[in-house]
Amino acid sequence: MNATAAVPLWQQLQALAKALADLGRGQSAPQVLAPVASPLRPGVQALLYHALRHWARGRWLRTQLVAKAPPPAVDALLSAALALCWSDALAPYAPHTLVDQAVEAAKRHPRWRAQAGLVNACLRRFLRERAQWVRASEASAEVVWNRPTWWLERLQQDYPEHWQAILAADAMPGPMTWRVNRRRTTREALLARWGEAGLVAEPVGEDGLVLSKPCPVEDIPGFAEGWCAVQDAAAQCAAPLLLRGLLRPTDRGLRVLDACAAPGGKTTHLAEWLEPQDTLLALEVDAARAPKISANLQRMGANAKVRVADAADVPSWSDGQLWDAILLDAPCTGSGIVRRHPDIPWLRRAEDVQSLAQQQRRLLEALWPLVRPGGRLLYCTCSVFHAEGQAQVEAFAEYNTDLRQEPAFGHLRPQNAGTAPALVDNLQGDHDGFFYALLAKVAPA
Ligand SMILES: C[S@@+](CC[C@H](N)C(=O)[O-])C[C@H]1O[C@@H](n2cnc3c(N)ncnc32)[C@H](O)[C@@H]1O
């Protein structure tokens, strides 16, 4: 980051502290960043994501250095400054600059001014005694792995051998991964076009490209014309898994349902795989998110019907006909995509896993009867927790004798090309954590 950026660092730190205090009240990173004005936004976003990747350490250090919690925004300012400056190697600005500017942020804020002495004393003491504080913080597993204890325990239980590799892969940001729209271009043609613009990318999966450096999407050649869409390599497996090899009925087009569709990344991919005579229906329960599906379909030149509906409330949207293929990309904790969304561990609660697993089960139970004999349902989540993947499907299969599991990936562990080359699962290349189960409906004997 550039310390001479047009917006003074103290001002960015003020906005960062407010964002983190709002995050502490349960708002997500995109929600807390939305009100940050545009000249401030890029800097604050970078600081926020950095602070969240060291949040357990910032919180731990603050509680040790200041026994009585200050008001939430000042608490967030202190914790953020500590999360940003604890390591010379990782700090986005020189630690003494961060401390000076955090004190300035407190002094210049009308409601924080009274706490400026406390901020100054705490942060200067930390800088003087940093090595000893950092060493002491290493005794906390939450600090070392930057996750709440319940999360670590669940991961250790689900992955006794791989939990550390999963956390290591998740500690660094994921790359910007794109899916090529085969209806509009080829991977080779897009690579050539990007090459002319000086962009470097590597192929991943069947249709993916990993950009060497992230860029604003509007600056990507071909984006506006729908040649490509941002989509992680694991998520790009959904459409081929569901539709490849599915026998076409001879008397009609395929009927494909995308049950939990917004923002439509997988809807546009499913549409790419279909023919004009086929039907694709995208359902989304959140009326505010549904328009994103239509906008993505339009940009990518793809067709689907979009409806706002609770997919589990079948009578509210169904025409009574069965489906050849259903994609159930169910709501989940997002425990597989922390490298892209470092706010997730600090927003979820231990009890969310169970309540999300119940929502997933409700959707599975409602949608399975709608699959025609010989048809398929692809169940997926962007979670590494077994309760939202393997265990969910095993419990469901126990009560449904008309179900046969076909080969799919099962749990994909996040794989960060830059940081964890030793962690290999059955999907090659850099990708998020994900779960896939392909359930085939057995025709009655
Ligand atoms: C994991 S996201 C889907 C991502 C999407 N498939 C994509 O690839 O862009 C889950 C979505 O399901 C929606 N959802 C949650 N419960 C639902 C329900 N009962 N019926 C329909 N949509 C639901 C959420 O609002 C959210 O947009």
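Throughout this description, residue numbers start from 1 for each chain and increase along the sequence as written. Owing to the predicted nature of the model, reporting of local features is limited to residues with pLDDT of at least 70; listing and counting of side-chain atom pairs is limited to 80 or more, with chain, interface and lining totals taken over all residues. For side-chain calculations, the full set of non-hydrogen atoms in the structure is used, while hydrogens and water are omitted.

1. Some points on the overall build of the chain
- The numbering of helices and of strands both runs from the N terminus, where a helix is a DSSP run of H or I of at least 4 residues and a strand a run of E of at least 2. Broken down by element type, the chain carries 18 helices and eleven strands.
- What you see for the chain is a C-alpha radius of gyration of 24 Å, in line with the 22 Å of a compact globule of 445 residues.
- In terms of its C-alpha atoms, the chain occupies a principal-axis envelope of roughly 75 × 50 × 45 Å.
- Note on classification: 1.4 Å probe, protein chains only; a residue is buried when its accessible area is under 20% of the maximum for its type, exposed when over 50%, partly exposed between these limits. The proportion of buried residues among the 445 residues of the chain is 56%.
- Two residues qualify as a contact provided that any one of their heavy atoms is within 4.5 Å of a heavy atom in the partner residue. Taking the intrachain contacts of the chain between residues at least 6 apart in sequence as the baseline, contacts between residues at least 24 apart amount to 74%.
- Per-residue and other accessible areas follow the Shrake-Rupley method at a 1.4 Å probe size, with only the shown protein chains counted as cover for residues. Split by element, the accessible area of the chain, about 19600 Å² in all, is 53% carbon and sulfur.
- Considering the chain, the positive charge centre built from 47 side chains and the negative charge centre built from 45 side chains are found 6 Å apart. The atom set for the radius of gyration is the C-alpha atoms, and the globule formula is 2.2 Å times the number of residues raised to the power 0.38. The charged-residue count follows a simple rule in which Lys and Arg add positive charge and Asp and Glu add negative charge, with His and chain termini not counted at all. The atom standing in for a charge is NZ when the residue is Lys, CZ when it is Arg, CG when it is Asp and CD when it is Glu.

2. Re helix H12 (residues 187–196)
- Those residues of H12 not exposed but buried are Arg-187, Leu-190 and Trp-194. All buried residues of H12 lie within an arc of 65° about the axis, which places them on one face of the element. Opposite the buried face of H12, at more than 90 degrees from it, the exposed residues are Glu-188 and Glu-196.
- Buried residues belonging to H12 abut strand S1 (176–180), strand S2 (201–204), strand S3 (208–211) and strand S4 (228–230).
- Positive phi shows up at Gly-198, right after H12, with a value of about 85°. The arc in question is the one spanned by the directions pointing from the helix axis to the C-beta atoms.

3. Things to note about the site of the ligand
- A cutoff of 4 Å decides nearness: a residue is near a molecule or strand if any of its heavy atoms lies inside that distance of it. Surveying the vicinity of the ligand reveals 19 residues, the closest of which are Lys-266, Glu-284, Arg-289, Asp-310 and Asp-329.
- Think of a polar contact as two N or O atoms within 3.5 Å of one another; within protein, one of them needs to be a possible hydrogen donor and the other a possible acceptor, and neighboring residues in sequence only count if both atoms come from side chains. Residue Ala-311 places a main-chain N or O atom 2.9 Å away from a nitrogen atom belonging to the ligand.
- Against a free-state accessible area of 600 Å², the protein chains account for coverage of 85% of the ligand.
- Here the shell around the ligand is composed, by residue class, of eleven nonpolar, two polar and six charged. Any residue that is not Ala, Val, Leu, Ile, Met, Phe, Trp, Tyr, Cys, Pro, Asp, Glu, Lys or Arg is counted as polar, Gly included; the first ten are nonpolar and the last four charged.

4. Quick word on the packing of helix H1 (residues 9–24) against helix H6 (residues 95–107)
- Running from N to C, H1 and H6 cross one another at 70°; their axes reach a closest spacing of 8 Å. Judged by the angle between their axes, H1 and H6 are roughly perpendicular. For the crossing formed where H1 meets H6, the hand is right-handed. Where H1 abuts H6, its residues Leu-9, Trp-10, Leu-13 and Gln-14 lie against Thr-97, Leu-98, Gln-101, Ala-102, Glu-104 and Ala-105.
- For the contact of H1 with H6, a count of residues per class yields six nonpolar, three polar and one charged. Every axis in this analysis is a line fitted to C-alpha atoms, fitted for helices over the stretch in contact. Angles between the N-to-C directions lie between 0 and 180 degrees. Oblique is the label for every angle not falling under 35 degrees (roughly parallel), over 145 degrees (roughly antiparallel), or within 65 to 115 degrees (roughly perpendicular). The sense of a crossing depends on the near helix, which, turned anticlockwise from the far helix by less than a right angle, makes the crossing left-handed and, turned clockwise, makes it right-handed.

5. Details of the nonpolar core
- Nonpolar cores were defined as sets of buried Ala, Val, Leu, Ile, Met, Phe, Trp, Tyr and Cys residues, with membership established by side-chain atoms within 4.5 Å. In terms of nonpolar packing, the biggest core is built from 58 residues, with Leu-13, Leu-20, Leu-48, Leu-77 and Phe-126 touching the most fellow members.
- Residues contacting Leu-48, with those up to four places away along its chain left out, are Leu-16, Leu-20, Ala-29, Val-32 and Leu-33.
- Of all hydrophobic cores here, the second largest spans 46 residues; its members include Ala-234, Leu-242, Ile-337 and Val-353.

6. Section: the layout of surface pockets
- Of the voids in this model, the second largest pocket is the one considered here, and its volume is about 370 Å³.
- Only H1 and helix H5 (72–85) provide two or more residues apiece to the lining of the second largest pocket.
- No other element matches the six residues that H1 contributes to the lining of the second largest pocket.
- Its residues assigned to classes, the lining of the second largest pocket shows 13 nonpolar, three polar and four charged. Put plainly, a pocket is an open set of points on a 1 Å grid over the protein atoms alone with protein on both sides within 12 Å along at least five of seven lines, a cavity is a set where a 1.4 Å probe fits but cannot get out, and a lining residue has an atom within 4 Å of a point. Grid points are joined across faces, edges and corners, and a volume is the space filled by probe spheres set on the points.

7. Digging into the sheet that holds strand S9 (residues 371–381)
- Taken in spatial order, the seven strands line up as S7-S6-S5-S8-S9-S11-S10 in an open sheet, and their pairing is mixed. Both edges of this open sheet fall to strand S7 (305–308) and strand S10 (403–412), since each of them pairs with a single strand only. Adjacent strand axes in the sheet meet at a mean angle of 15°, parallel and antiparallel pairs treated alike.
- Paired strands are those between which DSSP finds at least two bridges. By the bridge criterion, four bridges tie strand S5 (residues 255–258) to strand S6 (residues 279–284) in an arrangement that is parallel. Counterpart to Arg-255 in the pairing with S6 is Thr-279.
- Packing against the sheet, helix H18 (residues 390–398) makes contact with S9, S10 and strand S11 (434–441), and its axis sits at approximately 15° to S11.

8. A closer look at the sheet that holds S2
- The antiparallel open sheet is built from four strands, whose spatial order is S2-S3-S1-S4. The open sheet is flanked by S2 and S4, the only strands paired with a single partner. Averaged over all pairs of adjacent strands, the angle between their axes in this sheet comes to 30°, without regard to strand direction.
- Sheet analysis places S1 next to S3, joined by four bridges and oriented antiparallel. Bridge pairing links Trp-178 to Leu-209 in S3.

9. Things to note about the side chain of Arg-376
- By secondary structure assignment, the location of Arg-376 is in strand S9.
- The buried charged residue Arg-376 lacks any salt bridge partner; its closest oppositely charged side chain belongs to Glu-406, at an N-O distance of 4.1 Å. Between Lys or Arg on one side and Asp or Glu on the other, a salt bridge is scored when a side-chain nitrogen of the former is within 4 Å of a carboxyl oxygen of the latter.

10. Digging into unusual backbone geometry
- Between Ala-262 and the following residue, Pro-263, the backbone shows a cis peptide bond with an omega angle of 5°.
- Relative to the elements of secondary structure, Pro-263 occurs in the loop between S5 and helix H14 (265–273).
- Here the phi dihedral of Asn-146 falls at roughly 55°; this positive angle occurs in a residue that is not glycine.
- Along the chain, the position of Asn-146 falls in the loop between helix H9 (141–145) and helix H10 (149–158).

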